[in-house]
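Structural characterization, general
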Amino acid sequence: MIWDTHAHLDDKQFKADRDIVLQRAREAGITTIVNIGHSEATSKESVELATKYPSLFYATVGIHPHDAKDCNDQTWILLERLAQNPKVIAWGEIGLDYYRDLSPRDVQRKVFIQQLELAKESGLPVVIHNRDAHGDILKIIKENPTGTGGVFHSYSGSWEMAKELLKIGYYLSFSGPLTYKNSRHTVEVAGKMPEDRFVVETDCPYLTPEPYRGKRNEPAYVREVVSKIAEIRGITFEKVAHLSTENAQKLFRI
Ligand code: NI
């Protein structure tokens, strides 16, 4: 039993062979996939996937910082309506991306804060995307507590930052980059984090783990992330799979 807590199976890269990919996931022991919305369209598609495959999927709704510039009042009406669907278990992915800067930073911050408020109202945990925005992210989540908890997806920050996040109740999610050669900081965090505060994900079709790097990512490959954590912590694959599943169920209140 393994949860892939962050996937984008609605992506057009899965259009031709989605059912085969899902079959491989089941065969690899992936029992649950959380499909993550990042725009109006993909939030809708995530809910559609969770409706079509109810035994395998849950969904989230949210606007990614890349898409923050395209939001208006209609966006929030749509997302609030989608969030009422019982298959929607979190709000996200939301946050700040100062690496690609595809929306102006002040707009990113405004849209992030708006969605923390909506998550609070909806009673949903948050899925957070952070790239090169550590200081502002920490400040904003401390100033705007949702009371619902949440997860930092594909965590790649320092152990110092991780300690701050753990202190205020957040979970950390590990993905393919943990398996890369230059992942020294992430390996340190994966080794030191408490065993009850982490989950695993693919972020597929992106962030493909070794030894598949260079290919399209898919849920079955989350096993490589589980293996890597087991190796780092000196515990069994089964133990990591079990812990990450238990943690995902607590995080998303399933
Ligand atoms: Ni993602």
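Higher on the page you've got the structure.
Note that the coordinates shown come from a computational prediction; the quantities given were computed from them, not determined experimentally.

1. Remarks on the packing of helix 4 (residues 105-122) against helix 5 (residues 134-143)
Close contact between helix 4 and helix 5 brings their axes to 11 Å; oriented N to C, the two are set at 35°. Considering the relative orientation of helix 4 and helix 5, their crossing is right-handed. Between helix 4, through Arg109, Phe112, Ile113 and Leu116, and helix 5, the contact on the second element is made entirely by Asp136, Ile137, Ile140 and Ile141.

2. Remarks on the coordination of the nickel ion
Within the protein, His6 (NE2), His8 (NE2), Glu93 (OE) and Asp203 (OD) serve as the donor atoms for the nickel ion, at 2.2 to 2.3 Å. For the nickel ion, the 4 donor atoms are set out with angles of 83 to 179° between them, so the coordination reads as irregular. Mapping the donors of the nickel ion onto the primary sequence gives the spacing H-x1-H-x84-E-x109-D.

3. Let's talk about the packing of aromatic side chains
Within a pair of aromatic rings, the relevant descriptors are the distance that separates the centres and the angle that separates the planes. Under the defined criterion, the tally for this structure stands at 5 aromatic pairs. Their ring planes at 50° and their centres at 5.8 Å tell us that Tyr53 and Phe57 sit as a pair that is tilted. On the basis of relative accessible area, Tyr53 is assigned to the buried category, the value being 12%. Classification of Phe57 by relative accessible area gives buried; the value is 1%.

4. Notes on the pattern of salt bridges
Pairing between side chains becomes possible if they bear opposite charge and their charged atoms approach one another. Applying the stated rule across the entire model yields 12 salt bridges. For Glu160, the salt bridge goes to Lys163, with nearest N and O atoms at 3.5 Å. With a gap of 3 residues between them, Glu160 and Lys163 both fall in helix 6 (residues 159-167), about one helical turn apart. Judged by its relative accessible area of 36%, Lys163 is partly exposed. As a salt-bridge pair, Lys192 and Glu188 come within 2.7 Å of each other at their nearest N and O atoms. With a gap of 4 residues between them, Lys192 and Glu188 both fall in helix 7 (residues 184-192), about one helical turn apart. According to the relative accessible area criterion, Lys192 is partly exposed, its value standing at 43%. Its relative accessible area of 32% is what places Glu188 among the partly exposed residues.

Analysis parameters
- Residues numbered from 1 in each chain as written.
- Predicted model: local features only at pLDDT ≥ 70, side-chain atom pairs only at ≥ 80, totals over all residues.
- Heavy atoms only, no water.
- Axes fitted to C-alpha atoms, helices over the stretch in contact; angles between N-to-C directions.
- Helix = DSSP H or I, 4+ residues; strand = E, 2+ residues; numbered from the N terminus.
- Left-handed = near helix turned anticlockwise from the far one by under 90°.
- Contact = heavy atoms within 4.5 Å.
- Donors = N, O, S within 2.8 Å, 3.2 Å for Na, K, Ca; no water.
- Tetrahedral: all angles 85-135°; square planar, octahedral: opposite > 155°, others 65-115°.
- Phe/Tyr/Trp six-rings, centres within 6.5 Å; stacked < 30°, edge-to-face > 60°.
- Buried < 20%, exposed > 50% of the residue type's maximum accessible area, 1.4 Å probe, protein only.
- Salt bridge = Lys/Arg side-chain N within 4 Å of Asp/Glu carboxyl O.

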